[in-house]
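Here is how the chains run, residue by residue.
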Amino acid sequence: MKVLKFGGSSVASAENILKVIEIVKKYREEDQLILVASAMGGITNLLEKCGEQSRKGDQNYQITLNEISERHFRAVSEIFPLKEQSSIIGEIKILLNELDDLCNGIFLLHEIFPKTRDYLLGFGERLSAIIIAAALNHHKIKTTLLDARDLIITDESYGQAQVLFERTEKQISQKVKEIGSNIFVPGFIARSSEGNDTTLGRGGSDYTAAILAAAVKASELEIWTDVDGVMTADPNLVETAMPLEKMSYEEVMELSHFGARVIFPPTLQPVMRKNIPLWIKNTFRPDVPGTLICREGKPNGHAIKGLSHVDKIVLLTLKGAGMVGVTGIAARFFSTLSKEKVNVIFITQASSEHSITVAISDTDVKRAKNVVEKEFENEMALAKIDPLLVEDNLSVIALVGDKMKSSVGLSGKAFNALGKNGINIRAIAQGSTERNISLVVSDQDVTKALNVLHETFFLSKYKKVHLFMVGVGNVGSALLEQIHEQYEYLRNEYALEIKIVGLANSRKMLLDGKSIDLNHWKSDLLEKGEVMSRQAFLQKMKEMNLRNSVFVDNTASASIAGLYENVLQQSISVVASNKIAASSQYENYRNLNNLAKALNVKYLYETNVGAGLPVLKTLQGMMKSGDKIFRIQAVLSGSLNFIFNNFVEGTSFSKIVQLAIKEGYTEPDPRIDLSGQDVMRKILILGRECGIPLEFEEIGNESFMPESLMKMKTVKEFLETLPEYDDYFDGIRKNAENQNTKLRYVAELDNGKAKVGLRNVDASQPYYQLDGKDNIVLIYSKRYNEQPLVVKGAGAGASVTASGVFADIISVVNQ
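Description of the structure in this document. (Residues numbered from 1 in each chain as written. Predicted model: local features only at pLDDT ≥ 70, side-chain atom pairs only at ≥ 80, totals over all residues. Heavy atoms only, no water.)

Some remarks on the sheet that holds strand β25 (residues 629–635)
Taken in spatial order, the six strands make up an open sheet running β26-β28-β27-β25-β29-β30, and their pairing is mixed. A strand with exactly one partner marks an edge of an open sheet, and here the two such strands are β26 (700–702) and β30 (789–794). Between one strand axis and the next, the sheet turns by 15° as a mean value, whatever way the strands run. When β26 meets strand β28 (residues 753–761), the two strands line up parallel, connected through three bridges. Counterpart to Asn701 in the pairing with β28 is Val756. Its contacts with the sheet put helix α22 (residues 615–624) on β25, β29 (774–781) and β30, and the angle it makes with β29 is roughly 10°. Sitting on the sheet, helix α26 (residues 677–689) is in contact with β25, β26, β27 (742–750) and β28, with an inclination near 30° to β27. (Pairing = 2+ DSSP bridges. Helix = DSSP H or I, 4+ residues; strand = E, 2+ residues; numbered from the N terminus. Axes fitted to C-alpha atoms, helices over the stretch in contact; angles between N-to-C directions. Contact = heavy atoms within 4.5 Å.)

Focus: the nonpolar core
Core analysis: the biggest nonpolar cluster contains 107 residues, and Phe6, Ile34, Val185, Leu221, Leu278 and Ile313 have the highest contact counts within it. Not counting the four nearest positions on each side in its chain, Val185 is found in contact with Ile34, Leu35, Val36, Ala37, Leu146, Ala148, Leu151, Thr208 and Leu212. Listed in part, the 82 residues of the second largest apolar core include Leu568, Phe653, Tyr725 and Val777. (Core = buried A, V, L, I, M, F, W, Y, C linked by side-chain atoms within 4.5 Å. Buried < 20%, exposed > 50% of the residue type's maximum accessible area, 1.4 Å probe, protein only.)

What to know about the pattern of salt bridges
Inspection of every chain in the model, using the stated rule, returns 45 salt bridges. Across the pair Glu702 and Arg759 runs a salt bridge, and its minimum N-O distance is 2.9 Å. Of the two residues, Glu702 is situated in strand β26 and Arg759 in strand β28; the sequence distance between them amounts to 57 residues. Look at Glu702 and you get partly exposed, because its relative accessible area is 45%. Salt bridges sharing common partners tie together Asp147, Arg149, Asp150, Arg191 and Asp197. (Salt bridge = Lys/Arg side-chain N within 4 Å of Asp/Glu carboxyl O.)

Observations regarding the packing of aromatic side chains
Counted under the stated rule, the structure contains 20 aromatic pairs. Seen in terms of ring centroids, Tyr61 and Phe107 are 5.5 Å apart; in terms of plane orientation they differ by 40°. Their pairing is tilted. With Tyr61 in helix α3 (residues 61–79) and Phe107 in helix α4 (residues 82–109), the pair connects residues that are 46 residues apart, well separated along the chain. Exposure class is identical for Tyr61 and Phe107. Each is buried. Note on Tyr489 and Tyr494: the rings are 5.8 Å apart at their centroids and 65° apart in plane angle, and the pair reads as edge-to-face. Through a chain of ring-to-ring contacts, three or more aromatic side chains come together here, namely Phe468, Phe537, Phe551, Tyr564, Tyr586, Tyr589, Tyr603 and Tyr605. In this structure, Arg631 packs its charged tip against the face of Tyr780, placed 4.0 Å from the ring centre. Positioned above the aromatic ring of Tyr768, the side-chain terminus of Lys742 is 4.6 Å from the ring centre. (Phe/Tyr/Trp six-rings, centres within 6.5 Å; stacked < 30°, edge-to-face > 60°. Lys NZ or Arg CZ within 6 Å of the ring centre and 35° of its normal.)

Some remarks on the packing of helix α1 (residues 14–25) against α3
In contact at an axis separation of 9 Å, α1 and α3 are set at 55° when each is read in the N-to-C sense. The angle between α1 and α3 places the two elements in the oblique class. Packed against α1, whose contacting residues are Ala14, Ile17 and Leu18, the element α3 presents Ala75, Glu78 and Ile79 at the interface. Tallied by class, residues from the contact of α1 with α3 come to five nonpolar, no polar and one charged. (Parallel < 35°, antiparallel > 145°, perpendicular 65-115°, else oblique. Nonpolar A, V, L, I, M, F, W, Y, C, P; charged D, E, K, R; others polar.)

Considering the environment of Val813
Here Val813 is to be found in helix α30 (residues 798–813). A relative accessible area of 9% places Val813 in the buried class. Counting along the chain gives 373 residues from Val813 to Val440, while the straight-line C-alpha distance between them is 26 Å. Residue contacts for Val813: discarding those within four places in its chain leaves Lys463, Val465 and Leu496.

Section: the side chain of Asp206
Relative to the elements of secondary structure, Asp206 occurs in helix α8 (residues 204–216). When its relative accessible area of 5% is taken as the criterion, Asp206 is described as buried. Of note is the side chain of Asp206, whose polar atom sits 2.8 Å from the side chain of Lys5. In this structure Asp206 touches Lys5, Ile223, Val262, Ile263, Phe264 and Thr267, once residues within four positions along its chain are discounted. (Polar contact = N/O pair within 3.5 Å; in protein donor to acceptor, adjacent residues only side chain to side chain.)

See below:
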């Protein structure tokens, strides 16, 4: 014998009821089935609404009653031919008249007692049972309708009655033996031993099915709902949640206790006691295997099977020096809450005995606070115990899995992942079975925390990274193109999804929590974007509160660089091709790096020196491994090297500068490159990475640019005037050629001092053969004393710079 239970969504309409019938038809005729169903989806809520309206004297309860009637009459008209409808409608009308009388009585009394409420809420299952049982027989599935109130006997704890199992199982066994056909039983409802209607609690139809399965020693219990099984997390909050193939009873009990809504928590006890396998299946996708719940669970798989959460909880903390070493404090605390029927969801106690913290529902907080403070009023008056501390707007998240007890480091892994994403853990507890780690976080962080943990423990197929990018010029556009091109590769090979959720230039900004479509980001930014505001961009980024977020700065803006501290404080990593922050005052440089370390996020700026070349990574690796840097000699400006390599006889300096601008090799203001400022910033950063607290003003600069030319107020004016100085620059070129040398703008760091300047280099020097826009860095150290470590390659251009930024983003992801 098998027991099949169908939830409210499975029987919410005529169409869905017919789906249920098709499912039942697939079972062999020789298999006797017990079928259980909930009220039609939404009907129990309408009954609650109707009762509340009646209690308040609101005559609109009649409108709600009419809505309930209409739902059921419509289902009858859509399932049955006209000639069969009258008898079914007659049965329904009898119940509806009874319901109407009940609501009228509540309306007149302006009161609804717990006993009355149970009687009221039971009408949903009684009504649906008439329709579903008749529909099964209409479709040649011989079925006998039994009233659950004649089978399940309870006490009178209205709202969540306790089942008297010995009497109930005896009653069910006797009734079932008398029937040879399939049996239909409405869920949720029962009857007390005194003969009053009771209910088993919201979601109690699952419990009804489990009670029946245990009583008849069913071979299986199947619960048909609207999801593909027990999910790894709430799919409404975690898009990548997946159904689990197999779980143990204990794992599901832990998940259901902490809010997983697939199964009603008490359901497991009867089937676990009789070792009956339980399946969770999807009415709307019946071919999907579903989740099997049994004693042994799945022996392999991940240590963490799933996540669940309870929102709208409040922490109550009882603390004080007078609690230390005093027996009975905890007993009094929990006894007081129990007497007030306050359910404790979570408990943690300091080992010093100085405090006890519990989590309760926010609906119980007022009553709990009053009774606890009354219980301990003497101790509080004597300052032995502090006033009860109440913290609200919190949620409990539970990590559950049988293998957790044999796995090392799970807590640390969870805390580390949450910490990197700026999620504060308010309280922690672990169950004695070691199947559960529970964490209390802010309500506003729940979705983020669930997704972070889901990805951390490989419950998600893909890890999502969210980029907020400012600057979509040459480098930014190239980066977006590279991300777009690599999207499928990273997704398929590394299970990594990079989503652009924020874009901005100096005029417009566009933010989309799902993702900005890279096929037409330019038009979307132009047409859908808002006016760019740095603070508004920062605020929206904070409000979106997305996991694995990275702020990417592809500008040359000091004002954008000024945002880094605020961004890092939100536990968002920063990747910058903008070198202003790293070359700003040394104190700011150190503060940003220290802040990133303190918050366990990243501040990366590899492209500040050498574009895509691994210059900073190389220096950092040498320093971390104990090497000591003595001297650096380098050509660090790809733009200047391009200009000097192409500045040959027959060309003018001004035209080569224009070409460098066109190719995207210079800063937006080419004077930054030509003046040597850009090279000064780069050697400054290299010095700082070597542990030298250099300031920009301390770097010597032997500029080759005429002072009068550099005083031009705008870039346009500068470029228009530049041709007038071509003869001057031509003289510099001829002088180098006459000496059989080449022009190179060289940066040097030696014994803590730095300088830059234009040099005539001969063929014996490593800079001589530098082609195009190449950079070269020679690092002399304790280990590389005789022959320097050399890093050489393209040091300018949007594409190589973008690839360096991309590499930094991947480094953040892989931290």
